[in-house]
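Commentary on secondary and tertiary structure
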Amino acid sequence: MKKLLLLSAFVFLTSFSAEQDVYLCDTKGGKKYHFDKECRGLSNCKGEIIKVTLKEAKDKGKTICGYED
C-alpha cells in the first residue's frame, strides 16, 4: 500500500513538468499562471494572453492562479 501511495504521488508530481505549457496575461501587473487558457482568472486580462512553459512562468516569479489551485 505504501509503495502504491508513493508511486501515485510521483506520477501526480511529474505530471506538472517544467515543460508543460501555461498561460500568462502579458502585462506588468500579471502575477499568475494558468493551465487553462479559458480560466476565469484570465477574463480581465487587458493585454495579450501568451503561452510559456511552466518553468518560464516560475522563473518570472508567477504563481498559480487561485481558481486552479
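Source: prediction; values computed, not measured. The numbers attached to residues start from 1 for each chain and follow its sequence in the written order. Local features in this predicted model are restricted to residues of pLDDT 70 or higher, and side-chain atom pairs are both shown and tallied only at a pLDDT of 80 or more, whereas totals for entire chains, interfaces and linings draw on every residue. To obtain the side-chain values, all non-hydrogen atoms of the structure were included, while hydrogens and water were left out.

**Regarding the side chain of Lys62**
Worth spelling out the cut-off: Put simply, DSSP H or I for four residues or longer makes a helix, DSSP E for two residues or longer makes a strand, and each gets a number counted from the N terminus. Between buried and exposed lies partly exposed: a residue is buried under 20% and exposed over 50% of the maximum accessible area for its type, with that area taken using a 1.4 Å probe on protein chains only. For the purpose of counting charges, residues Lys and Arg are taken to be positive, whereas Asp and Glu are taken to be negative. His and the chain ends are not included. In the sections that follow, a salt bridge refers to a side-chain nitrogen of Lys or Arg positioned within 4 Å of a carboxyl oxygen of Asp or Glu.
Mapped onto the secondary structure, Lys62 falls in the loop between helix H2 (54-59) and strand S4 (63-64). Despite its burial, Lys62 pairs with no opposite charge, the nearest such side chain being Asp26 at 7.0 Å.

**Let's talk about the side chain of Thr53**
Stated precisely, the cut-off is as follows: A contact between two residues is defined here by any heavy atoms of the two lying within 4.5 Å.
Along the polypeptide, Thr53 turns up in strand S3 (residues 48-53). For Thr53, a relative accessible area of 18% puts it in the buried group. Once residues within four sequence positions are removed from consideration, Thr53 is found in contact with Ala18, Glu19, Gln20, Asp21 and Val22.

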